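Structure at a glance
So you can see what is in the structure, the chains are spelled out below.
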Amino acid sequence: MRSALSKAEIEANIASRFGDAFKIHEKAAPETLSSGIAEVDTLSGGIPRGAITEISGPRSSGRTSLLYSALAYATTHDEICALIDTNDTFAPASAAAAGIDFERLLWIRCAANLEHAFKATDLLLHAGGFGLVILDIGDVAGKEARRIISSWWYRFRRTIENRPTAIIVISEEACTRSCAALTLELHGNGEWSRNLLSSNSVNVNRCRPFWPAFNESQFRAHAVA
Amino acid sequence: MFACIYSENVPSNLSLTDFAYEFSPLVEETKAGAVTIDVDGCELLFGSAYQLANEVMRRAKQSPADGGLEATVNVAIAANADAAIHAATHLGGITFVSPGEELTCLGEFPINQLHYDLAGVEQKTAEEIFETLRLWGIRTFADFASLPVAGVSERLGQVGLRLQQLAAGKTERHLKLKQPAPVFANSLELDHPIAEIEPLSFIFARLLHQLCAALNAYALATNELQLQLQLEDQTTHERRLSLPYPMRDHKVFLKLLLLDVEMHPPVAAVRTISLACEPVKPRVTQNGLFVPLAPAPDKLELTLARLAKLVGEENIGSPALLDTHRPDAFTMNRFVLPSKKAPRQSTIDNRKCLGLRMFRPPLRAVVETEQGWPTQISAWGKQRSVYGKVVQVAGPWRTTGDWWREDRWARDEWDVAVAAGNKTSSEPPALYRIFRTLNSEMWFVEGNYD
């Protein structure tokens, strides 16, 4: 008790000389980038810059719709974006319909080589200057995705810390663990009208950070001719 | 002191300028048939000005094989370059104009023989002034030089003053020296051939350093590097590195060159290395405070080169759609930082399109049909598989094209919802695009709506 008091006394005595050195600084809210979908932005507050965002879900859950929407928003707002396409699944025609400006998109096809995908992501992040970097491992089997060593995610998180770059990881099962600042889990349900696939109704669950009161949202991705 | 060499009968295959370089390195190509040289400091080589002039005339008469012109030249030496030019063009043989006595030599020349272009005066203006002077009764250089300066300035302006100074032999100007055209190329022949890349990098570094120093000296940059390697097997390995922006950083060039050589190594040991570049003006950009950050061009080029080495050149770039209805037709363009564009309206919430994930190559499938409608699908590939009962179907949509080509296509497309194969699963059905080729009647899964 005596030592605690004396510590407080010492701090009080030197506080006037060293200003706010003993104050606990609150971390400023991160800058965000819009996902291009109002419902998702309301739920998540946007895609945080300088941090990893993970979007996971099974096939047809709406991951790609959300990805194209975020890319369309970023590329039309002068951001330079990069897509690391592990399984070569990016569809330019579908992306063009979503409004992506291809001049501002660097597309890297990794021919199903997961190691190349991670090395390419690392090179891009170290080059700096990209507004949005997307690592698409959505077609990598869950078993393989779980084997990705955590050091990659820590490395990515550390590299973009305090930088205006946002990373989105598209996966089938959540695999970034505690390294993601925002984790969204998606589930979709196809909607048919008059024997035509009209839209995909997507449920968005925010798993991290978790707020019990407001944790779910929904949007509808429409099929285009 | 300046010397002007003038000749009207120099053979067309010989150059008066090259002849003048034998006497001084400071040469001005004044006009056709006339060159002016700065002879200060040439005394140790040629003696006095008179001896120099004699030497010029003697050598000019010699045959081309002996370094001559086989022509008669006029030589005039004066303290003023313009006075020397006037004396050489209007007086034959050797003329020596003493400093301060220019008018004694040039004073009797008619006023219309004044080389007005030396004072930067246009022909039309000069002719008007000569006409005015003729009306005033001014006939010679001496008459013009004797006019009061203030009066000439009032009546003929600054142009008149410049012409008066030219006539008086009082102009002061530097020679417009003929500069040899800069060469941005370097070459090195090796004593022993080199087969490995690492030792080559030291030579590249040296050659690039010299190239970039030359570019720097002329305030230029380059957007193309040309590497030529003469190989031991008497072949030539050539590489051309095109850069989207002009640069002159030898460290960046070295890394780019090494990455390129690693991707495209020479087939034999290297005997001679030649490096050249195309000089262009450097890039000047103005960044804005509110413009989002973009990668630095030199860093981006290095990153792209490293990525190309990692995943292959054909797998990196900006996608571009082709002008065709062929499914999944696109091309990869080289990724270049786009120029600044006008701000656009927010597209938030405007484009919630259903995305498609392509399966490349399409997944070969076995499809059970009932009255032509798919009911069951099973497809297995190395990376993915699709199997289950088709619970919802839309289609078919027939597309055909390029019937006149070998790679024509004709197919029926369907959108299907496939329930998970596992009956206990509560997952909603996944959505796929499948197609059947009309010529081979085979089914494929093209992609997954996601």
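As the structure is a computational prediction, the values presented were derived from the model and not from experiment. Numbering of residues starts from 1 in each chain and follows the order in which that chain's sequence is written. To label them, take the chains in the order written and letter them from A, then take the ligands in the order written and number them from 1. This being a predicted model, a pLDDT of at least 70 is required before a residue's local features are given, and a value of 80 or more before pairs of side-chain atoms are given or counted; all residues contribute to the totals for chains, interfaces and linings.

Moving on to the interface of chain A and chain B. Each residue gets a C-beta atom placed from its backbone, and two residues are in contact if those atoms lie within 7 Å. Each partner contributes to the interface: chain A provides 70 residues, whereas chain B provides 52 residues. Among the elements of the structure, helix H3 (63–75), helix H4 (92–97), strand E5 (105–109), helix H5 (114–127), strand E8 (180–193), strand E9 (196–208) and strand E10 (216–222) of chain A are those that each provide at least two residues to the side of chain A that touches chain B. Per-element tally for the side of chain A that touches chain B: the top contributor is H3(A), with 8 residues. Classes in brief: Ala, Val, Leu, Ile, Met, Phe, Trp, Tyr, Cys and Pro nonpolar; Asp, Glu, Lys and Arg charged; the others, Gly included, polar. Split by residue class, the side of chain A that touches chain B holds 35 nonpolar, 24 polar and 11 charged. The criterion for strand pairing is that DSSP finds at least two bridges linking the strands in question. Strands here are runs of E lasting at least two residues and helices are runs of H or I lasting at least four, both read from the DSSP assignment and numbered beginning at the N terminus. In the sheet, E5(A) pairs with strand E10 (residues 316–321) of chain B via 2 bridges, with the strands oriented antiparallel. What sits directly across from Trp107(A), in E10(B), is Gly317(B).

The next subject is the domain arrangement of chain B. Each assigned domain of chain B is listed here: domain 1 (2–168), domain 2 (185–280) and domain 3 (356–449). Residue ranges for the domains originate in an automatic or database domain assignment. On a C-alpha basis, the centres of domain 1 of chain B and domain 3 of chain B stand 89 Å from each other.

To continue, consider the sheet that holds strand E9 (residues 270–280) of chain B. Residue and element names in this part refer to chain B. Taken together, the 4 strands give an open sheet; going across it, the order is E6-E9-E7-E8, and neighbouring strands pair in antiparallel fashion. Because the sheet does not close on itself, it has two edges, and the strands there are strand E6 (185–194) and strand E8 (236–247). Within the sheet, the average angular offset between the axes of one strand and its neighbour, ignoring direction, is 15°. Taken together, the 6 bridges between E6 and E9 define a ladder with antiparallel strand orientation. Note that in E9 the partner of Glu189 across the bridge is Thr272. Helix H9 (residues 197–217) rests against E6, strand E7 (221–231) and E9 of the sheet, and its axis sits at about 30° to E9. Angles run from 0 to 180 degrees between N-to-C directions of axes, and those axes are lines fitted to C-alpha atoms, restricted for helices to the stretch in contact.

Core analysis: the biggest nonpolar cluster contains 116 residues, and Ile108(A), Leu132(A), Ile168(A) and Ile434(B) have the highest contact counts within it. Among the elements that line this core, the one with the most residues is H3(A), at 8 residues. A domain-level breakdown of this core finds at least three residues from each of domain 2 (185–280) and domain 3 (356–449) of chain B. If near-sequence neighbours (up to four positions away) are discounted, Ile434(B) is found in contact with Ala365(B), Val367(B), Pro374(B), Ile377(B), Trp414(B), Val416(B), Trp443(B), Phe444(B), Val445(B) and Glu446(B). In these notes, a nonpolar core means any group of buried Ala, Val, Leu, Ile, Met, Phe, Trp, Tyr and Cys residues linked to one another through C-beta atoms within 7 Å. Buried residues are those with 20 or more other C-beta atoms within 10 Å of their own C-beta, exposed residues have 12 or fewer, and partly exposed residues lie in between; C-beta atoms are placed from the backbone.

On to the pairing of strand E13 (residues 373–380) of chain B. A regular strand places its side chains on the two faces of the sheet in alternate fashion. Residue and element names in this part refer to chain B. Judged from the 5 bridges that link them, strand E12 (residues 356–370) and E13 form a sheet pairing that is antiparallel. Along E13, the bridge assignment pairs Val367 with Ile377. Two successive antiparallel strands, E12 and E13, enclose a turn made up of 2 residues, where Gln371 displays a positive phi of approximately 55°. Relative to strand E14 (residues 385–401), E13 is paired through 5 bridges, and the arrangement is antiparallel. Following the sheet pairing, Ala379 is matched in E14 by Val386. Where E13 folds back on E14, the antiparallel hairpin that results is connected by 4 residues.

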